[in-house]
Amino acid sequence: MAKDKLVVGNWKMYVGTVEEAKRIVLKIRRTALQLEHTETVVCPPYVLIPFCVSRKGNKTVLIGSQTVSFEKEGSHTGEVGASMLRDVGVTYVLAGHSEERSAGDTDQIVSKRILAVLDAGLKPIVCVGENERDPGGSYLEVLKNQIKNSLHGIPKEQARNIVIAYEPIWAIGAKGAMEPTNIHETMLFVKKTFSDLFGHGPAMKVKVLYGGAVNHRNALDIITIGKADGLLVGRESVNMAGFP
Ligand code: PGA
């Protein structure tokens, strides 16, 4: 059965122990088993990844990393490379999350991370989003530039391995998510920009997720009215009752 929706949990630093990580993954695996059309991914911090990968090769919940080095190997203290992530069972990698961008990731660095992820045969989830929505609509230009610059230099044949996560920064960690009708409009805008870069065919297939204050109350509207291809969930993803 084709999985046409993608739900990703970004654990950030919310989960602090191996025991807690194992407990949450087990619970998510049980819920995800019932989701025929949805691929479920969790992104633990680096050190917890090996404890979240199923030892029996169960792929009900796939594992993502929250970031990656753009270097392949060598003298890079504290860094973790994409092939190392692949080796421990990672499938997806977040690139350009706004919290990484505010810590110094430019579009250029994000594009290097994306290339490293694709080179290792993994799938990048490229995070983009404006700081604020001005009434004049210049946030669309901001968004377009972020997408184009972050995906600069990515070969066309890799387009099918890319996922985009649209996360308006003002909604991340906020009480309420963006209005679903506005989400729909933005989803179309992101796909149009993707089409300018890679063509119509890949743009019809690319998954564009919505992230920013998603919870179990607003998730369905974001998918049905907002027409998002999936969700990137932060805080609520470690809430035992709320995810996926
Ligand atoms: P949030 O975070 O769901 O807690 O708003 C989303 C994210 O930062 O990816």
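1. Things to note about the site of the ligand
Stage number 1. Inspection of the region around the ligand gives Asn10, Lys12, His97, Glu167, Ile172, Gly173, Gly212, Ala213, Leu232, Val233, Gly234 and Arg235 as its neighbouring residues.
Stage number 2. Interatomic distance of 2.7 Å between a side-chain N/O atom of Glu167 and an oxygen atom of the ligand.
Stage number 3. A distance of 3.0 Å separates an oxygen atom of the ligand from a polar backbone atom of Arg235.
Stage number 4. Surface burial for the ligand is 97%, taken as the share of its 280 Å² of free accessible area covered by protein chains.
Stage number 5. Classifying every residue of the shell around the ligand by side-chain character gives 4 nonpolar, 5 polar and 3 charged.

2. Concerning the side chain of Ser237
Stage number 1. Residue position: Ser237 is located in the segment after β8 (230–233).
Stage number 2. Polar contacts involving the side chain of Ser237 include one to the main-chain carbonyl oxygen of Val233, which spans 3.4 Å.
Stage number 3. Excluding residues that lie within four positions of it along the chain, Ser237 makes contacts with Gly9, Asn10, Trp11, Ile24, Ile28 and Phe243.

3. Here's the deal with the packing of aromatic side chains
Stage number 1. Per the counting criterion, the structure on display carries 2 aromatic pairs.
Stage number 2. For the ring pair Phe194 and Phe198, a centre distance of 4.8 Å and an interplane angle of 50° mean the geometry is tilted. Here Phe198 and Phe194 lie together in helix α7 (residues 180–198), a separation of 4 residues that amounts to about one turn. Like Phe198, Phe194 is buried.
Stage number 3. Note that Lys112 overlies the ring of Phe70, its terminal NZ or CZ placed 4.2 Å from the centroid.

About the criteria used
Residues numbered from 1 in each chain as written. Predicted model: local features only at pLDDT ≥ 70, side-chain atom pairs only at ≥ 80, totals over all residues. Heavy atoms only, no water. Near = heavy atom within 4 Å. Polar contact = N/O pair within 3.5 Å; in protein donor to acceptor, adjacent residues only side chain to side chain. Areas by Shrake-Rupley, 256 points an atom, 1.4 Å probe, with all protein chains shown as cover. Nonpolar A, V, L, I, M, F, W, Y, C, P; charged D, E, K, R; others polar. Helix = DSSP H or I, 4+ residues; strand = E, 2+ residues; numbered from the N terminus. Contact = heavy atoms within 4.5 Å. Phe/Tyr/Trp six-rings, centres within 6.5 Å; stacked < 30°, edge-to-face > 60°. Buried < 20%, exposed > 50% of the residue type's maximum accessible area, 1.4 Å probe, protein only. Lys NZ or Arg CZ within 6 Å of the ring centre and 35° of its normal.

That is the geometry; function is a separate question.
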